[in-house]
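Structural overview
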Amino acid sequence: MVKSASAKTPSSFESAISELESIVQEMENGALSLEQSLAAYERGTVLLRHSQDILNKAEQSIRVVEGAANPDTLQP
């Protein structure tokens, strides 16, 4: 069953993606009521934003590591 949109964010990227995949499957199944579909959409949006934030932070970390490993590529 779909968790409410206000449910806490998952502790990891993998768990967020897993829950998002589950929501997509439930919605594609077509067995959800309108209210459940709206709640699933809202929760999916929260999970998507959370996952994107995690990916953005990982990308920033990679850039820092790459910059530290190759200081000549750093731009002013």
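Please refer to the structure higher up on the page.
Focus: the packing of helix α1 (residues 13-29) against helix α2 (residues 34-69)
Closest axis-to-axis distance for the α1/α2 pair is 9 Å, and the angle between their directions is 150°. By the angle class used here, α1 and α2 are roughly antiparallel. In this structure, α1 crosses over α2, and the sense of that crossing is left-handed. Touching Phe 13, Ala 16, Ile 17, Glu 19, Leu 20, Ile 23 and Met 27 of α1 are Ser 37, Ala 40, Tyr 41, Arg 43, Gly 44, Leu 47, His 50, Ser 51, Ile 54 and Leu 55, all from α2. Grouping the constituent residues of the contact of α1 with α2 by class yields eleven nonpolar, four polar and two charged.

Regarding the pattern of salt bridges
Inspection of the entire model under this criterion finds two salt bridges. Taking the shortest distance from any N to any O, the salt bridge between Glu 19 and Arg 43 comes out at 2.7 Å. Within this pair, whereas Glu 19 is found in helix α1, its partner Arg 43 is found in helix α2, the two being separated by 24 residues in sequence. For the pair Glu 19 and Arg 43, a shared accessibility class is recorded, and that class is buried. A salt bridge links Glu 59 to Arg 63; the nearest nitrogen and oxygen atoms lie 2.8 Å apart. One end of the pair is Glu 59 and the other is Arg 63, both in helix α2 and four residues apart, which spans about a single turn. Classification of Arg 63 as exposed rests on a relative accessible area of 56%.

The rules behind the values
- Within each chain, residue numbers correspond to sequence positions counted from 1 in written order.
- In keeping with the predicted nature of the model, local features appear solely for residues at pLDDT of at least 70, side-chain atom pairs appear and are counted solely at 80 or more, and the whole-chain, interface and lining totals rest on all residues.
- Excluding hydrogens and water, the side-chain figures rest on all heavy atoms present in the structure.
- All axes are obtained by fitting lines to C-alpha atoms, using only the stretch in contact for helices, and the reported angles, taken between N-to-C directions, cover 0 to 180 degrees.
- Only DSSP runs of H or I covering at least 4 residues are called helices, and only runs of E covering at least 2 are called strands; the numbering of each starts at the N terminus.
- Between 65 and 115 degrees an angle is taken as roughly perpendicular, under 35 as roughly parallel, over 145 as roughly antiparallel, and anywhere else as oblique.
- Handedness of a helix crossing follows the sense of rotation of the near helix relative to the far helix, less than a right angle counterclockwise being left-handed and clockwise being right-handed.
- Contact between two residues is taken to exist if any of their heavy atoms lie within 4.5 Å; hydrogens are not considered.
- In this count, Pro and Cys sit with the nonpolar residues alongside Ala, Val, Leu, Ile, Met, Phe, Trp and Tyr, while Asp, Glu, Lys and Arg are called charged and the others, Gly among them, polar.
- Put simply, a salt bridge is a Lys or Arg side-chain nitrogen that is within 4 Å of an Asp or Glu carboxyl oxygen.
- Three exposure classes are used, based on accessible area relative to the maximum for each residue type with a 1.4 Å probe and protein chains only: buried under 20%, partly exposed in between, and exposed over 50%.

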